[in-house]
Amino acid sequence: MQYPRYISTRSSDRSFTLPEAIMHGLAPDGGLFVPSFIPEFDYMGLDANSYSETSASVLKPFFGGHFSDESLRSVCEDSCSFDVPLKRISGGAWNECYLLELFHGPTLSFKDFGARMLGRLLGIFGNSGSREAIAGISKSGKTVVLVATSGDTGSAVADGLSGIDGLELIILYPGGQVSDLQERQLIVKRDGVTACRVNGSFDDCQLLVKGAFSSPSLSSVRLTSANSINIGRLLPQMIYYVWAARQLPVPPVFCVPSGNLGNLTAGLIAWKAGMPAAGFVAANNANGFFADYLRGVQSSPRKSLRTISNAMDVGDPSNFERLSHLFPAEELRDNVFGCSVSDAETTSTIEAVYRETGYIADPHTAVALESARRYRVHSKFSGPIVVLSTAHPAKFPSAVKAIQIPARLDIVQTFATSVITLENRQEDLNSIILDRIQ
Ligand SMILES: *Cc1c(COP(=O)(O)O)cnc(C)c1O
């Protein structure tokens, strides 16, 4: 079997192995890693009854050569030890609608899938045995992992990476722009984790992370990123699409709450790799750059706007570069329907869905449910629509008043916390990084 190498979106002169791509995070020329070609998995041959078996089969063509079947299966099993239910709802505008609940992991958002797998991969590839094999990152000492978060990424990555040998994680989040509960989850004191509250927006946080990679003062530090720009977080996100498709008799349309476009990119890669799908819907909140792009409206990346679905408050989605590298604009426009949903529409959708179907959706999922409704009207598609339910409603108590906080979140409120306030200045972040590898 021919396995892909990994190349930068900005030049294909040099190719990398999967461990190199994962340890680098961002390609040395500032681009994002993509597979040199998209390999196929055996869709019909998948074991539809086991999530970890499905995971190993889907990932093998991408991970091949670096894992035995046995160790790949064990990484998959360890990364996803929770349920991934597909629930059918019916009523009102939501007939033939399925919710793929991706929030049953430890931090109650779909980010647990990518983060937990990435933590394990960084641990495996970063240990001394395989270090020599990774060109350009044979620097000794700890690996510093940077992550910018608009809410859910940070706690998922912190949970997924904390306590793994040789890793120091630094989380940047925009002060005052995440919910109280999200912030408390972020700043829980964890082994090897530093949480930074930045005086700036999420886009500023992303720029600081990118800036660290090109800072000469950090050239001797082994740096990587756990944002969805890391291919090691992206690839595992293919699995749940395949898992859902396998349970349905006909190919569904997938409706994806979208911010940085990592989740959508993973779905499209899964489709290219052999999963049947009738189409995709990219559900944006008021940050509608990508929806505009799909409609062919003249648009460019912009400043992010704050909304109640704050994990999608991204004006300049980092995976756009990867998506446009892998898929020509024509192909995207033919297969992905874009929507932009306001806060008022999100709130009324939460209420309407609850009233008509009894389902309680969080604000991110509600953006997708409203997009699914519009898509149905627009396309007359009568088959199944799978809406990715990306966060537990209890994470957003002010938008979703009707429900109780589950025990796991309650506990967070009593843990010891630790946080550093950071100005939006590159030197300040860089000195924290240097301090952490002492
Ligand atoms: C991160 C996040 C999204 C957006 O996913 P992207 O991969 O950045 O497009 C949607 N919903 C929730 C709850 C999230 O945490």
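Residues numbered from 1 in each chain as written. Predicted model: local features only at pLDDT ≥ 70, side-chain atom pairs only at ≥ 80, totals over all residues. Heavy atoms only, no water.

1. A closer look at the overall build of the protein chain
Assigned secondary structure in the protein chain consists of 18 helices and 14 strands. For the protein chain, the C-alpha radius of gyration of 20 Å lies close to 22 Å, the compact-globule estimate for 438 residues. Sequence-distant contacts, at least 24 apart, represent 76% of the contacts inside the protein chain between residues at least 6 apart. Summing over all exposed atoms, the protein chain offers an accessible surface of approximately 16,200 Å²; the carbon and sulfur share of this is 48%. (Helix = DSSP H or I, 4+ residues; strand = E, 2+ residues; numbered from the N terminus. Rg over C-alpha atoms; globule rule 2.2 N^0.38 Å. Contact = heavy atoms within 4.5 Å. Areas by Shrake-Rupley, 256 points an atom, 1.4 Å probe, with all protein chains shown as cover.)

2. Quick notes on the sheet that holds strand 4 (residues 86-89)
Across the sheet, 6 strands lie side by side as 4-5-13-10-11-12; this open sheet has mixed pairing. Both outer strands of the open sheet, strand 4 and strand 12 (336-340), are each paired with one neighbouring strand and no more. Going from strand to strand, the sheet's axes swing by 25° on average, the running direction of each strand aside. Where strand 5 (residues 97-101) meets strand 13 (residues 385-389), 5 bridges bridge the pair, whose relative direction is parallel. Bridged to E101 within strand 13 is S389. (Pairing = 2+ DSSP bridges. Axes fitted to C-alpha atoms, helices over the stretch in contact; angles between N-to-C directions.)

3. Focus: the pairing of strand 5
The buried fraction of strand 5 amounts to 5 of the 5 residues, a majority that puts the element mostly inside the structure. Summarising the sheet, strand 4 and strand 5 pair through 4 bridges and their orientation is antiparallel. Across the sheet, residue I89 finds its bridge partner in strand 5, namely C97. (Buried < 20%, exposed > 50% of the residue type's maximum accessible area, 1.4 Å probe, protein only.)

4. A closer look at the packing of aromatic side chains
For any pair of aromatic rings, the description rests on two quantities: the centre-to-centre distance and the angle between the ring planes. All chains considered together, the criterion is met by 18 aromatic pairs. Ring pairing ties together the aromatic residues Y51, F82, F113, Y240, Y241, W243, F254, W271 and F280, which thus form one cluster. Residue placement shows R333 over the ring face of Y293; its charged tip is 4.6 Å from the ring centre. (Phe/Tyr/Trp six-rings, centres within 6.5 Å; stacked < 30°, edge-to-face > 60°. Lys NZ or Arg CZ within 6 Å of the ring centre and 35° of its normal.)

5. Details of the confidence of the model for the protein chain
Averaged over all residues, the pLDDT of the protein chain is 90; the fraction at 70 or higher stands at 93%. Low pLDDT, under 50, characterises residues 128-138; the predicted model gives this stretch 20 contacts beyond four residues in sequence or across chains. (pLDDT = per-residue confidence, 0-100.)

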